[in-house]
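Okay, here's what each chain looks like letter by letter:
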Amino acid sequence: MTDSLSVRDNRTGAEGELPIADGAIRATDLRQFAVGDERLAAYDPGFMNTAACRSSITYIDGEKGILEYRGYPIDQLAEKSTYLETAYLLLHGELPTPPQLAEWEQAVNSHRRLPDNVKTLIHGFRFDAHPMAMMMSAVASFHTFYPDSRNIHDKESRYVNILRLIGKMPTLAAFAYRHAVGRPFVYPDDRLSYTENFLAMLFQGSEPRYATDPRLVRALEVLFILHADHEQNCSTNAVRSVASAGNDPYTSAGAGIGALFGPLHGGANEAVLKMLREIGSLDRVPEFIEAVKAGRVRMMGFGHRVYKNYDPRARIIKATTREVFDAVGVNPLLKIALELERIALEDEYFVKRRLYPNVDFYSGLIYEALSFPPSMFTVLFAVPRTAGWMAQWAEGVTDPEQKIARPMQIYTGKPTRDYEGLYDRN
Ligand code: CMC
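Along each chain, residues carry numbers from 1 onward, in the same order as the chain's sequence is written. For this predicted model, a pLDDT threshold of at least 70 governs which residues receive local features, and a threshold of 80 or more governs which side-chain atom pairs are given and counted, while totals over whole chains, interfaces and linings are taken from all residues. Values reported for side chains reflect all heavy atoms of the structure, with hydrogen atoms and water molecules removed beforehand.

### Observations regarding the side chain of Arg385
Here is step 1: By the element assignment, Arg385 lies in helix 17 (residues 377-397).
Here is step 2: Apart from residues no more than four positions distant in its own chain, Arg385 is found in contact with His227, Ala228, Asp229, His230, Asn233, Ser235, Thr236 and Arg313. Secondary structure follows DSSP: runs of H or I at least 4 residues long count as helices, runs of E at least 2 residues long count as strands, and numbering of each begins at the N terminus. Throughout, a residue-residue contact means that at least one pair of heavy atoms, one from each residue, lies within 4.5 Å.

Here it is in structure tokens:
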């Protein structure tokens, strides 16, 4: 006997069995309970209880605070892997062998350079333009340079354009940053790893060869691994939704960057620093907590749609702050963050709502210690999330069950009425 849900519609007395597969019923099975023209649909703003796809990439158990990529626990990847190896895992489903990894790294790194016109595009922005706007427009423009990317049903084309995007994202992010600070672009250095090269393109001055503390390179690598994917979050949903109309990886990723820019999603770490600065000192923490509880402000970097436990990424980032602060000195805002967390973990308001620190609570403190301005924080989320977006994009476009994303609505407007001439209206 297959699992099913027995349903009785008390409007009509109609009874039916809704098959349950993988813990879900099909919303379209509800259609059998329509009464004449009056349909029966599921209403779910924000997809609180709706699965939009099957995916074998990332697993989250929000109750237990578990995050896994292709079955590997995030803490093991953060400790032992590199970002490019993790990106390979997300895209291919398995960890690479040594020759596979060498070939993959070489292939990604060979795509680090940007078309000249993209540099002109970046120069066209005002000096104070937010780098996420530059990222969004430049990524969306990429398909004009690589028209083969529109050929999404060709495996080879999908692969090469995914490589291109992962290779180019750090260069684009660094160029957007250098434009904002009015410094000349630094071109990729083939001798450096993905993350080290990214730091060099961002911060290299007049010195002939950029060198930085290896602890900082490793911290960035860990942050990149933690941000690489997070199943069907807002930006991934945007990527999949735009892809479902038959779009190339660049157009789809451009939509993802737009979604990530929002303060409730990737923009939260920038908002955390702003919040910590506004609080300013430890003695003002209780006053701020009261404002949160009264609903006047939100505690940024707290709460999550899925995690109803400590976000496993936040735990790893909190540990990484120690290593970074050992290398560059402690960010004084850390004290305020620790005090907010201490109070919140004991306070009934947060405990009852199961609000814990999320990935953004401590990451901004590290980014600031690494000399990034707050406007770059979301960019530092977008660069590594590209691997996840691309894995999800490829999974979506090759999934025979996928259809163009087109939710229904419940119409609450006026019933049909006749047009009135301009001077006949009251
Ligand atoms: N501070 C204070 N109260 C909160 C917070 C918060 N950060 N988050 C949720 N709540 C309260 C909310 O007011 C509501 O209370 P009540 O039941 O009394 O109305 C309850 O908790 C449930 O909140 P919700 O808004 O219905 O939850 P959601 O799942 O729709 O929102 C969220 C999730 C992440 C948007 C939200 O927790 C939030 O706004 N957090 C702050 C922004 C933030 O840190 N975002 C980064 C998310 S993690 C990175 C990523 O994956 O994008």
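Having put the structure on the table, let's press on.
### As for the environment of Ala176
Here is step 1: Relative to the helices and strands, Ala176 resides in helix 6 (residues 155-181).
Here is step 2: In the structure, Ala176 is positioned 137 residues away from Arg39 in sequence and 49 Å away in space, judged by C-alpha atoms.
Here is step 3: For Ala176, the contacting residues outside a window of four places in its chain are Ile122, Pro131 and Met134.

### Structural notes on the packing of aromatic side chains
Here is step 1: Only Phe, Tyr and Trp rings are paired, with Trp represented by its six-membered ring, and only when their centres lie within 6.5 Å; those with planes under 30 degrees apart are stacked, over 60 edge-to-face, the remainder tilted. On inspection of all chains with the given rule, the structure shows 17 aromatic pairs.
Here is step 2: Their ring planes at 45° and their centres at 6.1 Å tell us that Tyr146 and Tyr250 sit as a pair that is tilted. Taken together, the residues span a long stretch of sequence, with Tyr146 in the loop between helix 5 (131-145) and helix 6 and Tyr250 in helix 10 (residues 249-260) at a distance of 104 residues. The same class applies to Tyr146 as to Tyr250, namely buried.
Here is step 3: Their ring planes at 40° and their centres at 6.0 Å tell us that Phe198 and Phe224 sit as a pair that is tilted. Residue Phe198 is located in helix 7 (residues 194-203), and its partner Phe224 is located in helix 8 (residues 214-226); the two are separated by 26 residues in the primary sequence.
Here is step 4: On the basis of relative accessibility, which here comes to 0%, the residue Phe224 falls in the buried class. We call a residue buried when its accessible area falls under 20% of the maximum for its residue type, exposed when it is over 50%, and partly exposed in between, using a 1.4 Å probe and counting protein chains only.

### Side note on helix 2 (residues 83-92)
Here is step 1: Counting buried residues along helix 2, 8 of its 10 residues qualify, which places the element largely inside the surrounding structure.
Here is step 2: When we look at burial in helix 2, the residues that qualify are Tyr83, Leu84, Glu85, Thr86, Ala87, Tyr88, Leu89 and Leu90.
Here is step 3: Immediately downstream of helix 2, the backbone of Gly93 shows phi near 95°, a positive value.

### Re helix 12 (residues 285-293)
Here is step 1: When we look at burial in helix 12, the residues that qualify are Val285, Phe288, Ile289, Ala291 and Val292. Down the axis, helix 12 shows its buried residues gathered within 160° of arc, on one side only.
Here is step 2: For helix 12, the elements touching its buried residues are helix 11 (268-279), helix 14 (333-346) and helix 15 (348-353).
Here is step 3: The first or second residue beyond helix 12 is Gly295, which carries a positive phi of 80°. Taken from the helix axis, the directions to the C-beta atoms give the arc we talk about.

### A look at the site of the ligand
Here is step 1: For each residue, the test is whether any non-hydrogen atom lies within 4 Å of the molecule or strand; if one does, the residue is near. The environment of the ligand is formed by 18 residues, the closest being His265, Arg298, Met299, Gly301 and Arg305.
Here is step 2: Separating an oxygen atom of the ligand from a side-chain N or O atom of Arg298 is a distance of 2.7 Å.
Here is step 3: Residue Met299 places a main-chain N or O atom 2.7 Å away from a nitrogen atom belonging to the ligand.
Here is step 4: For the ligand, whose free accessible area comes to 930 Å², the fraction covered by protein is 73%.
Here is step 5: Residues were grouped as follows: Ala, Val, Leu, Ile, Met, Phe, Trp, Tyr, Cys and Pro as nonpolar; Asp, Glu, Lys and Arg as charged; and all remaining residues, including Gly, as polar. Within the shell around the ligand, the residues separate by chemical class into 9 nonpolar, 5 polar and 4 charged. Under this definition, polar contacts are N or O atom pairs within 3.5 Å; protein pairs additionally need one hydrogen-donor-capable and one acceptor-capable atom, and for neighbouring residues in sequence, both atoms have to be side-chain atoms. Only the protein chains shown count as covering a residue, and every accessible area follows the Shrake-Rupley method with a 1.4 Å probe.

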